[in-house]
Amino acid sequence: AKLMCRYGTDRALLAEVRRSHGCRRASCLLLLAQLPPLESVRREVERYLEDPAREVRFAALLVMLAAEPAEVFRRIAAFGEPLTRCEVGEILHLLRRGLLPIAYRPLIESENSNLRRLGLAIVGHFAIEEADDVLLKMVGEAWNDDLSLAALYTLGALHRPLQRRAVVAYVQRMDREARREWMRSMAREGYSLQQVRMLLDEGQRRRYVQLVATYKRSLVCG
């Protein structure tokens, strides 16, 4: 923080942000998000939350999150577009730096889809096995297939038991391609046939045995 103030790094980056557009502006904002937060930077950057370029709006959001940890839920909820996996990963980076609070349950139980995506990412990244109940509840939400699928994959990443009513019901209503992709993911996670048997029919069980035995799976998990 002292070096930043001494050499005016924040002022130089803010000047570049004002002069630039698009990807260049977003890159400068991402650098600002890595610096110690200053109130002057927060005030200056807030305007870019309405920039025409998506990458600029998200980079400005990161600056605001770093500058206002207490406002993280409100800021993410106010972001008007679904967060991508890459964007959620950038927010997780701030979590690892200790700049944001970690509280997965209020996030997952929120009505805002972006907050729920972040909550799922926190559970998976920090391997929070105690989140079983909220993950199963989300898998059972037939009205929100995108988040239900993400919760299903999170359960697999945590290597939790999958022979649950909500999981069985969800897998049974998957289309053929989605189920194949899920089977490949479970094989990579190291699930045995016995652990997923009741979720698959006879043909899918034979296919799963082949997946577990493949050379590709050995490379991933060996």
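Structure's up top.
Residues numbered from 1 in each chain as written. Predicted model: local features only at pLDDT ≥ 70, side-chain atom pairs only at ≥ 80, totals over all residues. Heavy atoms only, no water.

A. Up close: the pattern of salt bridges. A complete count under the given rule lists 24 salt bridges for this structure. Across the pair Asp-51 and Arg-25 runs a salt bridge whose closest N-O atoms are separated by 2.7 Å. Remark: Arg-25 occurs in helix 3 (residues 22-34) and Asp-51 occurs in the loop between helix 4 (39-45) and helix 5 (54-67); sequence separation between them is 26 residues. Each member of the pair Asp-51 and Arg-25 is classed as buried. Measuring nitrogen to oxygen at the nearest pair gives 2.8 Å for the salt bridge that ties Arg-164 to Asp-132. (Salt bridge = Lys/Arg side-chain N within 4 Å of Asp/Glu carboxyl O. Helix = DSSP H or I, 4+ residues; strand = E, 2+ residues; numbered from the N terminus. Buried < 20%, exposed > 50% of the residue type's maximum accessible area, 1.4 Å probe, protein only.)

B. Main features of the nonpolar core. Leu-29, Leu-32, Val-45, Leu-135, Trp-182 and Tyr-208 are the most contacted members of the largest nonpolar core, which totals 72 residues. Sorting elements by how many residues they give to this core places helix 5 first, with ten residues. If sequence neighbours within four positions are ignored, Leu-32 has contacts with Asp-10, Leu-13, Leu-14, Val-17, Val-41, Val-45 and Val-63. (Core = buried A, V, L, I, M, F, W, Y, C linked by side-chain atoms within 4.5 Å. Contact = heavy atoms within 4.5 Å.)

C. Broad picture of the packing of aromatic side chains. Applying the stated criterion across every chain yields a total of one aromatic pair. When the centroid spacing of 6.2 Å and the interplanar angle of 70° are considered together, the rings of Phe-58 and Phe-79 count as edge-to-face. Placement of Phe-58 in helix 5 and of Phe-79 in the loop between helix 6 (72-78) and helix 7 (85-96) is noted, with a sequence separation of 21 residues between them. Considered together, Phe-58 and Phe-79 belong to a single accessibility category, that of buried residues. (Phe/Tyr/Trp six-rings, centres within 6.5 Å; stacked < 30°, edge-to-face > 60°.)

D. Broad picture of the side chain of Glu-16. If you trace the backbone, Glu-16 turns up in helix 2 (residues 9-19). One polar contact links Glu-16 to Arg-24, side chain to side chain, over a distance of 3.3 Å. With sequence-adjacent residues up to four places away left out, Glu-16 is seen in contact with Arg-24 and Cys-28. (Polar contact = N/O pair within 3.5 Å; in protein donor to acceptor, adjacent residues only side chain to side chain.)

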